[in-house]
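Architecture and fold: a report
Below are the chains, spelled out letter by letter.
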Amino acid sequence: MDWEVEKADWPNSDISQFVETPEAKWHFQKTGAGSKVLLLHGSGATTHSFEGLMQELRGHHEVLAIDLPGHGFSSELRRVESSLSNVAVAIGQLLNELDFAPELIVGHSAGAAIAVELVHRSIINPKGFVAINGAFYPFPGFAGSLFPAMAKLLFLNPLVPSIFAISASRARVARLMDSTGSKLTQKQIHYYERALASSKHVRGTLAMMASWQLETMQRKLQALNVPTCLLIGGADGTIDPNASVETEKSMPNCSRQLLNGFGHLVHEEAPELVSECIRDFWSQNQGLHS
């Protein structure tokens, strides 16, 4: 995506900044004051998906949202593939560069898996973790092998990102968003249209999907001794809400909150509700009123 083209009306562009690390050029947004919160978006999204949530949290926290490698206005990783471990290490470099040590980490979908990896590798040491419809497990059976392989094949074909971007019509993007079970506004859908019209953004998404390995995630979740809250959209059409029941049971310090009537993008549908859940969790687990 081209920042000079998009910045005029991109969500929260007034707080956007850029920084270089050895692995990437990063786009990030930082605002607010108080305990430090890191927001990690899901695959195919950008910081725009946290527009409302950042506005809600900024009065209580210092909030940092980043574009993942290859997504939005961040570059792809320069020397390594976008595997879970490599993305986590690169984010660690960014956090060091910004001197930002998250006390609370909030990850949506694939961003939640990255959050687990950051903690597992001791790159960060947060006091709390909120997973919004976390994508913790591979697709079951044959699909678990097929989808990453397909993503890799598509990623290796230099024409595919451009073809996909050209074909990302308004109707197709609207159908894609509708399949998540979330009801977004036309304005919110339009940001996804703009992102998916960028071959660079599509390439970054495919690169991450092609390198995604979640086979050891169950073991990492079981070892995660950080107070955790699973926020689950009851109408999630992307990840089965019932999967979170077993996740809660397997984690040593975990609670689960079902948000009925909301889909995979609940943080975009109801940022006020999600912010309230995050702040309640933080207050209850830290004994603080942030």
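Residues numbered from 1 in each chain as written. Predicted model: local features only at pLDDT ≥ 70, side-chain atom pairs only at ≥ 80, totals over all residues. Heavy atoms only, no water.

This part covers the nonpolar core. Among the nonpolar cores identified, the biggest contains 43 residues, and Leu40, Ile66, Ile91, Ile114, Leu118, Phe129 and Phe136 are the most heavily contacted of them. Counting residues per element, the ones that place at least two in this core are strand S2 (25-32), strand S3 (35-40), strand S4 (61-66), helix H3 (84-98), helix H4 (110-120), strand S6 (128-132), helix H10 (217-222) and strand S7 (228-233). When near neighbours in sequence (up to four residues on either side) are disregarded, Ile114 contacts Leu40, Leu68, Leu84, Val87, Ile91 and Trp212. Of all hydrophobic cores here, the second largest spans 22 residues; its members include Leu53, Val106, Val130 and Cys229. (Core = buried A, V, L, I, M, F, W, Y, C linked by side-chain atoms within 4.5 Å. Buried < 20%, exposed > 50% of the residue type's maximum accessible area, 1.4 Å probe, protein only. Helix = DSSP H or I, 4+ residues; strand = E, 2+ residues; numbered from the N terminus. Contact = heavy atoms within 4.5 Å.)

Along its twelve residues, helix H9 (residues 199-210) runs 16 Å from first to last C-alpha, staying within 8% of the 16 Å computed at 1.5 Å per residue. Taken together, the buried positions of H9 are His201, Val202, Gly204, Thr205, Leu206, Ala207, Met208 and Ala210. (Expected span 1.5 Å × (residues − 1).)

In terms of burial, S6 is a largely internal element, five of the five residues being buried. Residues Gly128, Val130 and Ile132 point to one face of S6 and Phe129 and Ala131 to the other, with burial holding for every one of them. Bridge analysis of strand S5 (residues 104-108) against S6 gives five bridges, and the strand direction is parallel. Bridge assignment links Val106 to a residue of S6, and that residue is Val130. A crossover connection joins S5 to the parallel S6 through H4; in handedness this β-α-β unit is right-handed. (Pairing = 2+ DSSP bridges. Right-handed = clockwise from strand over helix to strand, strands pointing away.)

The next thing to look at is the side chain of Lys220. Within the fold, Lys220 resides in helix H10. Of the residues examined, Lys220 reaches a relative accessible area of 9% and is grouped as buried.

Let's shift gears to the confidence of the model for the protein. Mean pLDDT for the protein: 88, with 87% of residues reaching 70 or above. Per-residue pLDDT stays below 50 along residues 140-147; that stretch engages in three contacts with residues further than four places along the chain or on separate chains. (pLDDT = per-residue confidence, 0-100.)

The subject of this paragraph is the pairing of S3. Where burial is concerned, most of S3 is hidden: five out of the six residues are buried. The sheet contact formed by S3 and S4 spans six bridges and is parallel. Across the sheet, residue Ser35 finds its bridge partner in S4, namely His61. Note that the unit made of S3, helix H2 (residues 51-57) and S4 has a crossover that is right-handed. Bridge count between S3 and S5: four bridges; the pairing is parallel. What sits directly across from Val37, in S5, is Leu104.

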